[in-house]
Amino acid sequence: MSRDIVGACPLDCPDACSWVITVDDDGTAVKLRGNGDHPHTRGGLCVKVNPYLEFSRDPSRLLHPMKRVGAKGEGRFERITWDEALTTLAERLQHILDTDGGDAIWPFDGTGTVGYLQGVGARHRFWNAIGAARHHASICSISGHVGISYTSGTAAGMDPEDVVHSRTILLWGSNTLTSNQHLWPFVEQARAGGAHVVVIDPIRHRTAERADEHVALRVGTDAALALGLCHVIESAGIDAPFVAQRTDGWDEFAESLRDYTPERVAEICDVPAEQIITLGRRIATSGPTAIKLGQGMQRQRHGGQAARVVSCIPALTGDYVRRGGGLVYSTGDAYGLNSHKYSRADLRPGNERTLVMTRLARDLRRTDPAVKALIVMGANPVVSNPGQGAVRDELRRDDLFTVVFDAFHTDTADFADLVLPSTLQPEHTEVMDSFGHLYLNWNEPAVAPPGECVSKTELLRRLAAAMGLTEPALFATDLELAADLLDAPAWRAAGIGIDELRAAGFLRIPGTDAYSPFAERFATASGRFEFASARADADGHGRLPNYRPPREAAADASGTFALISPANHFYINSMFAGIDRNITRSGEPTVTVCATDADSNSLPVGELVRVANERGSFIARLAVGTAARPGVAIAPKGGWTKTFVGGNSVNATTLERDSDMGAGAVYHDNRVTITRLPG
Ligand code: SF4
């Protein structure tokens, strides 16, 4: 008799699908499908994950611990036992603790899985117990979170499923059909009822093609567009009682909008003034308007500010308290799980150093003290971090002990001293929240780990034992760790613990059946929506939301291109990107420009070209297409460097620099040249 086991997709995707794995009598997983009972998954997964079981059995899967026998970066390794791996790692960490202290140890968690137990969802208590440096996960969405925190106070401003009640839907910086596809049926349901769907994005991607309207603005000018829309809404008519009763600083903000006439904004954004006027009036008169804000638009020098400005739009219209209105950037804020009990910061010996994920090369150059151990878990920074050349240079350092814990031998693993084999989602216990819906998923292990793979939680238990640590919390089982997460007020009050979650497979966040987070108050200190923010001013971001141009993207220098690196349709970040099947179906690396730019720059369509700037270069095949607006080049992210001619990928050109807020990444604030390869 086969059995069906309920689990959840672990990838860095807002949809956080619930899945069902059918397991045969002999313990083999024979089928994977989306959970038809899950209200958001609705029975389907996606092109990235449908072959997950095949990926988990791919011949390239890591099955045993390995130690490096060649030079760093060369990729030569030999198999060792777990005893040798753990003894080596434990001795090295203990030596660093004794000589340099925990500040010299960097646990570098990535988004290979975003779950709480095995992924980046919460910091594991082991690292707190030994006093390792804190890891600031700045790679994805932090700037937008900080920007929105100054206005409404939370990025979870509405239930995405409530777009079915919307009359106007703005998919702002979101290629929904590729990166949030389970939202699309709700969008279509709204559209069937008459809703108007607008994509705001420099790229004419597959979602823009399917929308009713596309605003193809210049890269990095989102804040200016949002201010222009606010200007028009102010003229067309705001919800005056809402603004008076529920917001602060409107008069000051309204005054600042005078500078953002549709004509001026049209010039900044390179979109027709008439389109700005029509859209602004539509938002003012044809609400409720829902804004689904994607992460890409805030990967700019002033990305936090951009999210801050966009979040003002529903405050002018009062849509924040209308069903089907508001803004959602991430629903993650709504879960209220007990990360503190899980992570046990109280075990820290007192040191508080924080190292920034997207400043890996810079922080590896620090000497106060120097980082001596980099423990990479579920991350592939050689591919995913900005500043690829500088990252590789630092990873070659002789005094840096690097460990990669992963399911595959990534580009980063080539630089490791130890490579340790990790489980994948069907093989371990996990608790998954979402940043695109309001359900908590349970992941029950369905099959035994292959080879000598272990879960992250098991690795850290074994490491604690190898180091002779005796704190009982470090040996908590996965079920005990999950129980700690659920030991939180809303979940306790609803009588939900792990037994209930496990039995159900997924559960909606208690009290969110008619989710209206701002019905009573906003999540700011004042309880009001803050157009003007003293806190933002004190933090150096200005009292009012504002627009400042990007560092490189909007320069429009002749013969150069603003380079955007959006998601690949076939994989997320770099996860599974090195598997032959994915290399084949996603095709060779390309860079796409519009036909006019290819022509005017005499670029060789269909041939390999060099994409370069002062930071580095990569080689890709030149394509032309309508996805790219003039002056923009598009090269999808995530492909392993091994798949690129010349061995560099997109991030050879990106800048390792902090955005304005939260030390976020600035991947899309990038300018490059494109040239023919010689002869
Ligand atoms: S990647 Fe996203 S859409 Fe695909 S199965 Fe996972 S959660 Fe669902």
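Preceding this paragraph is the structure being described.
This section reports on the structure supplied with the text. From a predicted model like this one, the values you see are computed outputs, not experimental measurements. (Residues numbered from 1 in each chain as written. Predicted model: local features only at pLDDT ≥ 70, side-chain atom pairs only at ≥ 80, totals over all residues. Heavy atoms only, no water.)

Moving on to the site of the ligand. Within the structure, the ligand sits among C9, C13, D15, A16, C17, L45, C46, V49, H182 and I572. Tallied by class, residues from the shell around the ligand come to 8 nonpolar, 1 polar and 1 charged. (Near = heavy atom within 4 Å. Nonpolar A, V, L, I, M, F, W, Y, C, P; charged D, E, K, R; others polar.)

Structurally, the α-helix is built with 3.6 residues per turn, so residues lying three or four positions apart point the same way. Burial in helix 18 (residues 388-395) covers these residues: Q388, V391, R392, E394 and L395. Buried residues along helix 18 cover an arc of 165° about the axis, so they all sit on one side. Buried-residue contacts for helix 18 involve helix 16 (360-365), strand 15 (373-377), helix 17 (381-384) and strand 16 (401-406). (Buried < 20%, exposed > 50% of the residue type's maximum accessible area, 1.4 Å probe, protein only. Helix = DSSP H or I, 4+ residues; strand = E, 2+ residues; numbered from the N terminus. Arc of directions from axis to C-beta. Contact = heavy atoms within 4.5 Å.)

Moving on, we come to the packing of helix 8 (residues 222-236) against helix 11 (residues 262-269). What describes two packed helices is the angle between their axes and the distance between those same axes. Put simply, helix 8 and helix 11 touch, their axes get as near as 9 Å, and they point 165° apart. With respect to each other, helix 8 and helix 11 are oriented roughly antiparallel. Handedness of the crossing formed by helix 8 with helix 11: left-handed. Listed contacts from helix 11 to A224, L225, G228, H231 and V232 of helix 8 are P262, V265, I268 and C269. (Axes fitted to C-alpha atoms, helices over the stretch in contact; angles between N-to-C directions. Parallel < 35°, antiparallel > 145°, perpendicular 65-115°, else oblique. Left-handed = near helix turned anticlockwise from the far one by under 90°.)

Take the pattern of salt bridges next. Taken as a whole and assessed by the stated rule, the structure comprises 50 salt bridges. Residue R68 pairs with D417 through a salt bridge whose shortest N-O separation is 2.7 Å. In this pair, R68 sits in strand 4 (residues 66-68) while D417 sits in the loop between strand 16 and strand 17 (418-421), placing the two residues 349 residues apart along the sequence. A relative accessible area of 23% means that R68 is categorised as partly exposed. (Salt bridge = Lys/Arg side-chain N within 4 Å of Asp/Glu carboxyl O.)

Looking now at the pairing of strand 27 (residues 671-676). Where strand 22 (residues 561-564) meets strand 27, 2 bridges bridge the pair, whose relative direction is antiparallel. Each bridged residue has a counterpart across the sheet, and for A562 the counterpart in strand 27 is R671. Bridge count for strand 24 (residues 608-613) against strand 27 is 4 bridges, and the pairing is antiparallel. Directly across from V611, in strand 27, lies its bridge partner I674. (Pairing = 2+ DSSP bridges.)

The next thing to look at is the sheet that holds strand 18 (residues 430-432). Ordered by their spatial adjacency, 3 strands build an open sheet running 18-19-20, and the pairing between neighbours is antiparallel. With one partner strand each, in any of the chains shown, strand 18 and strand 20 (506-508) form the two edges of the open sheet. Here the strands of the sheet are splayed against their neighbours by 15° on average, with no regard to which way each runs. Pairing geometry for strand 18 and strand 19 (residues 439-443), over 3 bridges, is antiparallel. Bridging across to strand 19, M432 finds its partner in N441.

Bringing the environment of M432 into the picture now. Looking at where M432 falls in the secondary structure, it is placed in strand 18. Classification of M432 as buried rests on a relative accessible area of 1%. Residues M432 and L460, 28 residues apart in the sequence, show an inter-C-alpha distance of 20 Å. In contact with M432, other than residues within four places in its own chain, are A8, C9, P10, V114, G115, Q425, Y439, L440 and N441.

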